[in-house]
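# Topology and contacts: notes
Residue strings, one per chain:
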Amino acid sequence: MGIWNFIKDAGKAIGIGGDEAPAAEELKAEVEALGLDASGVEITTEGDKVKVAGTSLTQELREKIVLAVGNVSGVASVEDSIEAEDAAPEAVFHTVEKGDTLWAVSSKAYGDGSKYMKVFEANKPMLSDPDKIYPGQVLRIPQD
């Protein structure tokens, strides 16, 4: 639980407003379009701040929902008050920088670039290809 900061003008443009703050309904639709089960999760917005709340989710699903709404253009922060049902350790979030690759991110996180598929798998369905990341995107890096 906490507040996660994102780069407001980076990310997927959804809805009518482009890089304006999306509506809660648009964010909920984005989460569902990614195939993430957000039943029992309430998403609200206050300008460029998004609040997500709920219970009975795994730690992994909780983090993926935060990233799914945070990596949308127009969102500057996500306040997370979702309670995870499992005791899995929290992943580290990494903001992609210009020139980053999943290999480089894995090298920084694990000391071994060949573990890039672990990072890729941890960010599905938000990532569809290990070569398609962009500066400002936030990724989950599970503990090794």
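Preceding this paragraph is the structure being described.
We now turn to the structure provided with this report. (Residues numbered from 1 in each chain as written. Predicted model: local features only at pLDDT ≥ 70, side-chain atom pairs only at ≥ 80, totals over all residues. Heavy atoms only, no water.)

### Structural notes on the overall build of the protein chain
Scanning the protein chain from N- to C-terminus turns up four helices and six strands. For the protein chain, the N- to C-terminal ordering of α and β elements is β-α-β-β-α-β-β-α-α-β. The C-alpha atoms of the protein chain give 14 Å as radius of gyration, which agrees with the globular expectation for 144 residues (15 Å, within 12%). Along the three orthogonal principal directions, the C-alpha set of the protein chain runs to about 40 × 35 × 25 Å. Counting over 144 residues, the protein chain shows a buried share of 42%. (Helix = DSSP H or I, 4+ residues; strand = E, 2+ residues; numbered from the N terminus. Rg over C-alpha atoms; globule rule 2.2 N^0.38 Å. Buried < 20%, exposed > 50% of the residue type's maximum accessible area, 1.4 Å probe, protein only.)

### Quick notes on the environment of Val 75
Its place among the elements puts Val 75 in the loop between α2 (59-70) and β4 (77-84). Judged by relative accessible area, which is 1%, Val 75 ranks as buried. Remark: the alpha-carbon pair of Val 75 and Glu 20, spanning 55 residues in sequence, is separated by 8.1 Å. With near-sequence residues (within four places) excluded, Val 75 lies in contact with Phe 6, Ile 7, Lys 8, Pro 22, Leu 27, Asp 48, Val 50, Val 69 and Gly 70. (Contact = heavy atoms within 4.5 Å.)

### Here we look at the environment of Ala 91
Mapped onto the fold, Ala 91 is located in the loop between β4 and β5 (92-95). On the basis of relative accessible area, Ala 91 is assigned to the buried category, the value being 8%. C-alpha of Ala 91 to C-alpha of Gly 40: the two residues are 51 residues apart in sequence and 22 Å apart in space. With near-sequence residues (within four places) excluded, Ala 91 lies in contact with Glu 63, Arg 140, Ile 141 and Pro 142.

### Concerning the pattern of salt bridges
One pass over the full model with this rule turns up nine salt bridges. We note a salt bridge from Glu 79 to Lys 49, for which the minimum N-O separation is 3.0 Å. Taken together, the residues Glu 79 in strand β4 and Lys 49 in strand β3 (residues 49-57) connect sequence positions 30 residues apart. We note a salt bridge from Glu 63 to Arg 140, for which the minimum N-O separation is 2.9 Å. Here Glu 63, found in helix α2, pairs with Arg 140, found in strand β6 (residues 138-141); they are 77 residues apart in sequence, far enough to count as distant. Comparing Glu 63 with Arg 140, the two get one shared label, buried. (Salt bridge = Lys/Arg side-chain N within 4 Å of Asp/Glu carboxyl O.)

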